[in-house]
Amino acid sequence: MAPKLNKTDSEFIRAIVHEKAGIVLEEKKSYLVDSRLNTLARRLGHDSSARLVEALRTTFGRGLQDKVVEALTTNETSFFRDVHPFEGLRTQILPELLKRRAAEKRLTVWCAASSTGQEPYSVAMLLREHFSAQLAGWSVKILGTDLSTQVIDQAKAGRYTQLEMNRGLPAAYLIKYFTKHDADWVLNDDVRAMVEFRTFNLLDPFTAVPPCDLLLMRNVLIYFDLNTKKMILDKVRRVLRPDGHLFLGGAETTLNIDNGYERVAGNDTTTYRPRSSWSDAAPASRVSKLATLLPTSGDRL
Ligand SMILES: C[S@@+](CC[C@H](N)C(=O)[O-])C[C@H]1O[C@@H](n2cnc3c(N)ncnc32)[C@H](O)[C@@H]1O
């Protein structure tokens, strides 16, 4: 059995992941860190995760750190995950929003932390299925972003295993929008072309993000500490249009984190939007623990 990481190495890895992705890895989950790092270590030609950590402490450049972060992200997702947000979109949110945007004929959707693409593709299929006629002649932009290049590459390919298809995708959608390729299913080009995928770290400035009508940032805030949540929600508030909707995961909320949002309770789902009377406080900032664990010469990262 490969040797486990010692406490110092574990702390170092957790600091890298926090610094680069904002993700807090709990100490009690070190078995998970160990096993994923071991897999990565072997893929990169090291004989154990401890050797990989040694390399991390000495290697120049960000490449290796990025690989470690990617290996330690949780990419769990599925088509039409949790059902209700998509029901809310279909029955209430989109009908209202499309009326409001009827003059400008423009709709922008951003799935931030979109993992392997099931979420933005679910939005694309839903638009196809229920709003095609209404959206004829519109400019519809669906953007899917994630920190991990690996999941973004899979998302771009739009190729899914039978197991991934079985999770949440209605049978009628499978027949209509996918084609079988060997043992997998590939999303048809016309739907695939509706979504643009890019790598993007939510810790980075949102300067290139367009104003959004719908912003799905689901099941990612849960991994961050309070300051990181505050910082990201603050940036989100500035790109979300005043009458737009922010969707969070079932275990996530803006409550007690960012008072600049109001809850919008719908029949099927709850979303958030910027509070019109909100006056800005200074955005939160993050503290780097990694800086304290690395030599100060600055030439090792
Ligand atoms: C659990 S998945 C959620 C996927 C999808 N939103 C859903 O709800 O089904 C979380 C995703 O967040 C991404 N992620 C984690 N930290 C991130 C960060 N700092 N910036 C961008 N994406 C991040 C991970 O790579 C992962 O794919």
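These figures come from a predicted structure and were not determined experimentally.

**Student:** Tell me about the packing of helix α3 (residues 49-58) against helix α4 (residues 63-72), residues and numbers included.
**Tutor:** The geometry of α3 relative to α4 is characterised by a closest axis approach of 9 Å and an angle of 140° between their N-to-C directions. Put simply, α3 runs oblique to α4. Our pair here, α3 against α4, has a crossing hand that is left-handed. Counting all contacts with α3, which are made through Leu52, Ala55 and Leu56, the residues of α4 involved are Leu64, Gln65 and Val68.

**Student:** Go over the sheet that holds strand β3 (residues 159-160) with me, naming the residues and quoting the values.
**Tutor:** Pairing is antiparallel across the open sheet formed by 3 strands, whose spatial order is β3-β5-β4. On the outer flanks of this sheet lie β3 and β4 (178-181), each paired with one strand and no other.

**Student:** Break down the site of the ligand for me, citing the residues and quoting the values.
**Tutor:** The local shell around the ligand holds 21 residues, among which Ala21, Thr77, Ala113, Asp146 and Asn219 are the closest. Take Asn75: an N or O atom from its side chain is 2.9 Å from an oxygen atom of the ligand. Ala113 is positioned with one of its backbone polar atoms (N or O) 2.8 Å from a nitrogen atom of the ligand. When isolated, the ligand has an accessible area of 600 Å², and the protein chains bury 99% of it. Considered class by class, the residues forming the shell around the ligand number 9 nonpolar, 7 polar and 5 charged.

**Student:** Kindly report on the nonpolar core, identifying the contributing residues and their values.
**Tutor:** Membership of the largest hydrophobic core comes to 46 residues, with the highest contact counts inside it found for Ile13, Trp110, Leu202, Leu215, Met217 and Leu246. Listing elements by their share of this core, those giving two or more residues are α1 (7-21), α2 (30-43), α3, α4, β1 (106-112), β7 (212-216), α11 (226-239) and β8 (240-247). Looking at which domains feed residues into this core, each of domain 1 (7-72) and domain 2 (84-274) supplies at least three. Apart from the residues lying within four places of it in its own chain, the contact partners of Met217 are Ala112, Leu202, Ile232, Leu233, Val236, Leu246, Phe247, Leu248, Gly249 and Glu252.

The rules behind the values
Residues numbered from 1 in each chain as written. Predicted model: local features only at pLDDT ≥ 70, side-chain atom pairs only at ≥ 80, totals over all residues. Heavy atoms only, no water. Axes fitted to C-alpha atoms, helices over the stretch in contact; angles between N-to-C directions. Helix = DSSP H or I, 4+ residues; strand = E, 2+ residues; numbered from the N terminus. Parallel < 35°, antiparallel > 145°, perpendicular 65-115°, else oblique. Left-handed = near helix turned anticlockwise from the far one by under 90°. Contact = heavy atoms within 4.5 Å. Pairing = 2+ DSSP bridges. Near = heavy atom within 4 Å. Polar contact = N/O pair within 3.5 Å; in protein donor to acceptor, adjacent residues only side chain to side chain. Areas by Shrake-Rupley, 256 points an atom, 1.4 Å probe, with all protein chains shown as cover. Nonpolar A, V, L, I, M, F, W, Y, C, P; charged D, E, K, R; others polar. Core = buried A, V, L, I, M, F, W, Y, C linked by side-chain atoms within 4.5 Å. Buried < 20%, exposed > 50% of the residue type's maximum accessible area, 1.4 Å probe, protein only. Domains from an automatic or database assignment.

Just distances and angles here, no functional claims.
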